[in-house]
Every structure is written in C-alpha cells, then in structure tokens.
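Chains, contacts and geometry: an overview
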Amino acid sequence: MSTKNANKNYAMSWIILLASLTALGPLSIDMYLSALPQMARDFGTTTQQVANSLPAYFLGLAIGQLVYGPVSDRIGRKPPLYFGLTLYVVAGLLCAFAENEWSLIAARVLQAVGGCVGVVIARAAIRDRLDMHSAAQAFASMMIVSTIAPIIAPSLGAWVLAVFEWQMIFVILMLFGLAILVCVHFFFEETLQPERRLKLNFKQVLSLYSAILQDPSFRKPMLAGCFSSAVLFCYITSSSAILMEHFHLSEQVFAYVFGANAVGIMLFSTLNKHLADRLNILHRLRVGTTLQLSGVIALLALGLIGTESLILVLMAMFMVVASIGFTGPNAMAIAMSEQGARAGTASAIMGSVQFSCGLLGGVLLNFMGWSALLNMALVMAIFVGIAASTIYRLQLPLPKAD
C-alpha cells in the first residue's frame, strides 16, 4: 500500500463509531439468549425451535456481507450504511411483533442482513485510511470498544426481562440501530473517494471474488483468522448447556461468566496493542495462536476425563476465547493489507467465511454424541488446529512499490 494514502493516526471517536457499527452483531446475538424459554412458551413450541433463530441470524450475516462488500467498493462506504441500518431498524420491529417462531426466524434473517453492513464497512474504512501496522492497532482498539457489547448484552437482556416482556429486547435493539444510523449521517465521513471506486457489474463481482480468494496474501491469513475466531461461536452455542445445565449456574451468574470471557478479549486486545513496539504483527499473531491452542488442549483433556471442576473449565474457556484479542486483529490486518480499493469485497469475504465457520461449528456440534464439554472442545480443536497450521507457516506480504 502506498504510504501516501496510509495515515498512521486515527481519532478515538472514529474508532468508537466503527466499534458501535460492529457491536450490532454481538448485541443482537447475545442479548436475547436468556429470553428463549419465555419466547418458546409464548409461541407454544420448544426452546430449541426458537433457538434456531440464532443460526438463522448467522445465515443472514454470511449472505449479507457478500452483497455489501462489492457494493461499497462500487458506490462508496456510506450509502450501504444507510440501507443496511434502515433494514436493521425495520427488522427489529418485525422481531418484536413476531407471532410464532417462523416469523421470528424470517425477521432475524432480515435483521442480520441489515446489521452486518456495519462490520463490512468498519473493516473496509480502516483499510482505506491506514497501513497494515496502523490498521492492526486500529482493529485492536475497535475490538476493545466493541467487546463491551457481549460483556453487557446477556445481563442487559436479563434485566429487561425482569421488568418487561421479551419484545422489549428487540425494541431496544431497534432503537440502538436507529441511534447509530443518526450518528452515521452526521459523523461518518466517506473513506473511499470516487476516483478509487471500482466499476463492477455482476460478472465482474464474481471475478473479483475469485481473484481475491486466489490471492495468498489474503486467503491464508483470512482463513487463519476466521477459524481462530470461529471458536467463539462454538462457545456461544455450547456454553449454556455446559455452564447452566451441567454445572447448574443461574441465569445471572451465567451472564457474569459470559461477560468475563468478553472482558478477556478486551484485555488481550489491549495487551496486543502494548506489545506492538516489541513484537511485530506476525509474532503477536503466533503468540495468540499458541495461547489459544493451549486452552483448547486443556479443554480436550478436561472433557475426556469428564471433569467436575468448574474453575478449571472456566480457566480453559477463558484462554481460548480471550486469545481472539490477539489472533483477530492481527490476522485481519495482514489479510486486508494488500487489498486497496477492493477492501470492501475482501472484508465481505472475511466476514462471510467467519460466520460460515460458525454455522459449520453448530452443525458439527449437533452430530456429536458425547458430553457438551467434549463436543465443544473437539470442534474447537479442529478449528484452532487449522488456524495454527496456517499461522505458524505464514509470512508477511512484501511491501509493494509506490
């Protein structure tokens, strides 16, 4: 990337706005989890049936990002934000008025298609303005801020249910989306200037996807980062069965544990930033991978022996999840470093693959017949093993001449 176009500094207010855009996802995923039993009673169905709205959301995230990426490369970053956030607000209202699990699932897909615009544009905007090493810092800063969402979301949902019915959760999400839409209108400045936009038709979009996926400077760190981050979806899917059903944690204590792991991502992201002057981006990526691999091995051992030690399970879970604070920002920055004006499409591919990995994890968990802890550990081991085998052999792309 030309140094002429790469700034090394960024305003924290800009990062907060981008983090708010990415926070729509974890808020929409985590905030309503404690309401699933109540929703099942209202719909006259099972909790598992209502819980299918979670993979439905992942499906919407995977599909929507593939659309927003090339569109943002063609018309700029801001117009897709208007469309996606408006769709998110409307879909939130549809979720609140859902009369059965099927209308809820349909509304959740729409909500995800709208909300996923934020993460695509946030990654692309950072790449538009910053070089690889500055982008790694920015991604870490964004992760620190956006991690607040999964910290507070489960507890916030439980507090809302203590006073209101479950519909109020989706009303709050709708209002949050509306607030971000207003902030985007007044405070988000376009980062992709007209002269750098790509003139794409449908056939060219497919060719662009193919070209990006064939680029090893993108494909390898992208896959490594996606599989490393996908352990979070395994954790989200399995944590209630492990912690609430097996270890009998209450809803509120479960929310605190969930939040503690999110705090871990924030702490490791902060440490990642502080180590930037001592270790280069690839070394920090490998540090995170090693920590994550250690946690997965510990979970596997605990699952195999059928442990009843809650503290050991929590410690191993913390290590696996918190290590995303190292692997996520650094893998993302390396993958995006050479993408230039096609950063929106590259960002879309990365997001879509990440949530597809999450869907794959959910499918694998459904076909495993061991304990919930061992099932989760095995899927995590597959994902982290793929990520580690790539990361330990990864090389940084050579800088391109101006």
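Structure first, text after, so check above.
1. Some words on the overall build of the protein chain
Each helix and strand in the protein chain was counted, giving 18 helices and zero strands. The C-alpha radius of gyration of the protein chain comes to 20 Å, within 12% of the 21 Å expected for a compact globule of 402 residues. Referenced to the eigenvectors of the C-alpha coordinate spread, the extents of the protein chain come out at roughly 60 × 45 × 35 Å. Counting only residues that meet the buried cut, the protein chain has 56% of its 402 residues in that class. Taking the average location of the 23 positive side-chain charges in the protein chain and that of its 18 negative ones, the two points are 13 Å from each other.

2. Focus: a nonpolar patch on the surface
Residues Leu175, Leu178, Val182, Phe186 and Phe187 make up a contiguous nonpolar surface patch of roughly 540 Å² in combined accessible area. Its location among the elements puts Phe186 in helix 10 (residues 167-187). Its relative accessible area of 59% is what places Phe186 among the exposed residues.

3. Notes on the pattern of salt bridges
A complete count under the given rule lists four salt bridges for this structure. In this structure, Asp73 and Arg77 form a salt bridge, with 2.8 Å as the shortest nitrogen-oxygen distance. Taking the relative accessible area as the measure of exposure, Asp73 reaches 0% and is therefore buried. Taking the relative accessible area as the measure of exposure, Arg77 reaches 0% and is therefore buried. Taking the shortest distance from any N to any O, the salt bridge between Arg342 and Asp215 comes out at 3.3 Å. Within this pair, whereas Arg342 is found in the loop between helix 16 (324-336) and helix 17 (343-366), its partner Asp215 is found in the loop between helix 11 (202-214) and helix 12 (216-246), the two being separated by 127 residues in sequence. The exposure class of Asp215 is buried, given its relative accessible area of 16%. When salt bridges with common partners are traced through the structure, they connect Asp73, Arg77 and Asp128 into a single cluster.

4. Structural notes on unusual backbone geometry
Even without being a glycine, His248 presents a positive backbone phi close to 60°. Within the fold, His248 resides in the loop between helix 12 and helix 13 (251-274).

5. Structural notes on helix 11
Taking 1.5 Å as the rise per residue, helix 11 with 13 residues should run 18 Å; its terminal C-alpha atoms sit 19 Å apart, in good agreement. Within helix 11 the residues assigned to the buried category are Val205, Leu208, Tyr209 and Ile212. Looking straight down helix 11, one finds that the buried residues subtend no more than 100° of arc, so they occupy a single side. Of the exposed residues in helix 11, the ones pointing more than 90 degrees away from its buried face are Lys203 and Gln214.

Conventions adopted
Residues numbered from 1 in each chain as written. Predicted model: local features only at pLDDT ≥ 70, side-chain atom pairs only at ≥ 80, totals over all residues. Heavy atoms only, no water. Helix = DSSP H or I, 4+ residues; strand = E, 2+ residues; numbered from the N terminus. Rg over C-alpha atoms; globule rule 2.2 N^0.38 Å. Buried < 20%, exposed > 50% of the residue type's maximum accessible area, 1.4 Å probe, protein only. Lys, Arg positive; Asp, Glu negative; His and termini not counted. Charge placed at Lys NZ, Arg CZ, Asp CG, Glu CD. Patch = residues over 30% accessible without salt bridge, like charges linked within 9 Å, V, L, I, M, F, W, Y side chains within 5 Å. Areas by Shrake-Rupley, 256 points an atom, 1.4 Å probe, with all protein chains shown as cover. Salt bridge = Lys/Arg side-chain N within 4 Å of Asp/Glu carboxyl O. Expected span 1.5 Å × (residues − 1). Arc of directions from axis to C-beta.

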